[in-house]
Amino acid sequence: MVGAWRRFCLLFRVVDCAVARLLFLCYREYLCRFSRVLAGVRGLGEEEVRGLYSGEPLVEVSRDGVGILSDTILRKIDCKGERGEKTISATLMSALEGCRASWVVGNLVFPEAIEEPADNPKRRGSLFHKVMEDFYRLEPGERNAQSLRETAVNVLDSEEFKDFQGNEAVLLWLDEAVRGYLNVDRDPRRVNIAEWTTDWGRTVPGLEVAVSWQPEGVKRKCFGFIDRLQEWHGRLFIEDYKTSRSAKRYRFNPSRPDADPDHGLAGARQQVFYAMMVERAERERGSNRPVHAARLIFPLADGGVSVKVEDVHDPGFREKVERDIRVTDARMDELHDSGFAGFEPGPLCAWCPLVKLCPAAAGVEARFSAEKFVKAREGQPEFADYGSAVVRGR
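The structure displayed is predicted, hence computed values, not measured ones. (Residues numbered from 1 in each chain as written. Predicted model: local features only at pLDDT ≥ 70, side-chain atom pairs only at ≥ 80, totals over all residues. Heavy atoms only, no water.)

Caption draft 1: Looking closely at the overall build of the protein. Secondary structure summary: the protein contains 13 helices and 15 strands in total. For the protein, the residues scored as buried account for 47% of the 394 residues in total. A separation threshold of at least 6 residues defines the contact pool for the protein, and within that pool the share at least 24 residues apart is 71%. Working note: accessible area of the protein is about 20000 Å², and carbon and sulfur atoms make up 48% of it. (Helix = DSSP H or I, 4+ residues; strand = E, 2+ residues; numbered from the N terminus. Buried < 20%, exposed > 50% of the residue type's maximum accessible area, 1.4 Å probe, protein only. Contact = heavy atoms within 4.5 Å. Areas by Shrake-Rupley, 256 points an atom, 1.4 Å probe, with all protein chains shown as cover.)

Here it is in structure tokens:
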């Protein structure tokens, strides 16, 4: 614990910036209160998963894929689920283009059967998003390095994230993310948050904006949350934060519309998906503000990177996005009607919670032997961790 304290003191002295002071103050404030937690904290991915489930089997893993045994799981896939309509998101479009068995287990079985470690990539992303959302709710003149520091401290003190207060790895990660973001938007006072009218008629700041659309002939409603909407001279700018360490780019190729050589399709498609929903909402409400541009902000990539989505207005790309929506709707119907999700092994198998049970993944492991793949695989659940939720088939 003393060594960790000295490292933070060194960071404070060497890096004379507001964000370093932010983490220094957070650490000083919480060190005494959470010393016991700090002494036993694990890094990201080092905590063991624990099984929770002892009910009826949910899925059966066979040689070719996953058979769905539970009516509850099928209802969650159907266009009318237990909590209302099942929606189509940009994330779902990308997921069903890959391994459908991984999507079924990762999204519908894993949360029911496994107690996920508190420190995981999804929660870290939520932490950063919450800091930025609260920061941009301040008036423009109040946004500076000091208020950003105070915002981060307040978020870490909230019930949702207070368990991170003693986690040195998370504090350092947040420090890096915020510093990277400030390298992208160096003067937060100049960020002009748009006003947005919700479906219920309320006018709210354009932060975590909910957008939706029901395309004709599609059973499931399209839905998503936009991290930030800016407005300049009556034009809207769509912006999203991405906490991956690689800034991925994409250019639409009309001769090869499904090609994705730089693995940037998912992010670009998400922004076009949002732009189409925003423009429809604007037309329906009579305000008709056009979407002028869209960008992705990668605070952890190369010290902070902003990537403009070049093809947000390309008619061909928009046609592809609408076609992908319809294909995703059909794939969900097929999953529901067949009760079966096939394996599609690839480079992301190591990050799949099914990898240690999947016969198809065993055939590709030799191709992905780098340390990051091995470490990711080691952190995935064993068969026994799923309890009775997963059974073996033929």
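This is not the end of the story, as more comes after the structure.
Caption draft 2: Region of interest: the environment of Asp337. Within the secondary structure layout, Asp337 lies in helix H11 (residues 315–338). Exposure remark for Asp337: the relative accessible area of 64% places this residue in the exposed category. Considering only alpha carbons, one finds Asp337 and Asp78, 259 residues apart in sequence, at a separation of 8.8 Å.

Caption draft 3: Spotlight on the packing of aromatic side chains. According to the stated counting rule, one finds 10 aromatic pairs in the structure shown. Their ring planes at 85° and their centres at 6.3 Å tell us that Tyr136 and Tyr181 sit as a pair that is edge-to-face. Of this pair, Tyr136 sits in the loop between helix H7 (121–135) and helix H8 (145–156) while Tyr181 is found in helix H9 (residues 168–184), placing the two residues 45 residues apart along the sequence. Of the two residues, Tyr136 and Tyr181, both sit in the buried class. Judged by centre distance (5.3 Å) and plane angle (40°), the rings of Tyr250 and Phe317 are tilted. (Phe/Tyr/Trp six-rings, centres within 6.5 Å; stacked < 30°, edge-to-face > 60°.)

Caption draft 4: Highlighting the nonpolar core. With 76 residues, the main nonpolar core has Trp103, Ile238, Phe273, Ile325, Leu354 and Tyr386 as its most contacted residues. When residues in this core are grouped by element, the largest group, 10 residues, is from helix H10 (residues 265–285). Not counting the four nearest positions on each side in its chain, Tyr386 is found in contact with Tyr53, Val105, Val109, Phe110, Ala113, Ile114, Pro353, Leu354, Leu357 and Pro381. One finds Val170, Ala177, Tyr181 and Ile297 within the second-largest nonpolar core, a separate group that totals 26 residues. (Core = buried A, V, L, I, M, F, W, Y, C linked by side-chain atoms within 4.5 Å.)

Caption draft 5: Structural view of the sheet that holds strand S9 (residues 207–213). Judged by pairing direction, the sheet is mixed, and its 5 strands sit side by side in the order S9-S10-S11-S12-S13 without closing on themselves. Edge positions in the open sheet fall to S9 and strand S13 (305–308), since each of these has one partner strand only. In this sheet, adjacent strand axes meet at a mean angle of 40° when their direction is disregarded. Relative to strand S12 (residues 291–298), strand S11 (residues 235–241) is paired through 6 bridges, and the arrangement is parallel. Within S12, the position partnered with Ile238 by the bridge is Ala294. (Pairing = 2+ DSSP bridges. Axes fitted to C-alpha atoms, helices over the stretch in contact; angles between N-to-C directions.)

Caption draft 6: Representation of the side chain of Asp240 in the model. Residue placement: Asp240 occurs in strand S11. No salt bridge is formed by the buried Asp240. Its closest oppositely charged neighbour is Lys242, at 4.0 Å. Excluding anything up to four places from it in sequence, Asp240 contacts Phe225, Ile226, Asp227, Gln270, Gln271, Tyr274, Arg295, Leu296 and Ile297. (Lys, Arg positive; Asp, Glu negative; His and termini not counted. Salt bridge = Lys/Arg side-chain N within 4 Å of Asp/Glu carboxyl O.)

Caption draft 7: Local environment of the state of the cysteines. In total, this model carries 0 disulfides according to the counting rule given. Summary of cysteine pairing: Cys349 is not part of a disulfide, and the nearest cysteine sulfur, belonging to Cys358, is at 6.1 Å. (Disulfide = S-S within 2.5 Å.)

Caption draft 8: How the structure looks around the environment of Trp196. Tracing the sequence through the fold places Trp196 in strand S7 (residues 195–197). We classify Trp196 as buried; its relative accessible area is 3%. Separated by 13 residues in the primary sequence, Trp196 and Val209 have C-alpha atoms spaced 7.6 Å apart.

Caption draft 9: Summary view of the sheet that holds strand S2 (residues 59–61). A sheet is described by the order of its strands in space; here 4 strands give the open sequence S14-S3-S2-S15, paired in mixed fashion. Strand pairing shows two members of the sheet lacking a second neighbour, strand S14 (340–342) and strand S15 (390–392), which therefore form its edges. With direction set aside, neighbouring strand axes in the sheet form an average angle of 25°. In this sheet, strand S3 (residues 65–68) lies alongside S2 in antiparallel orientation, the contact comprising 3 bridges. Opposite Glu60, over in S3, you have Gly67 as the bridge partner. Across the sheet, helix H6 (residues 100–113) touches S2, S3, S14 and S15, and the angle it forms with S14 is around 125°.

On their own, these measurements won't tell you what the molecule is for.
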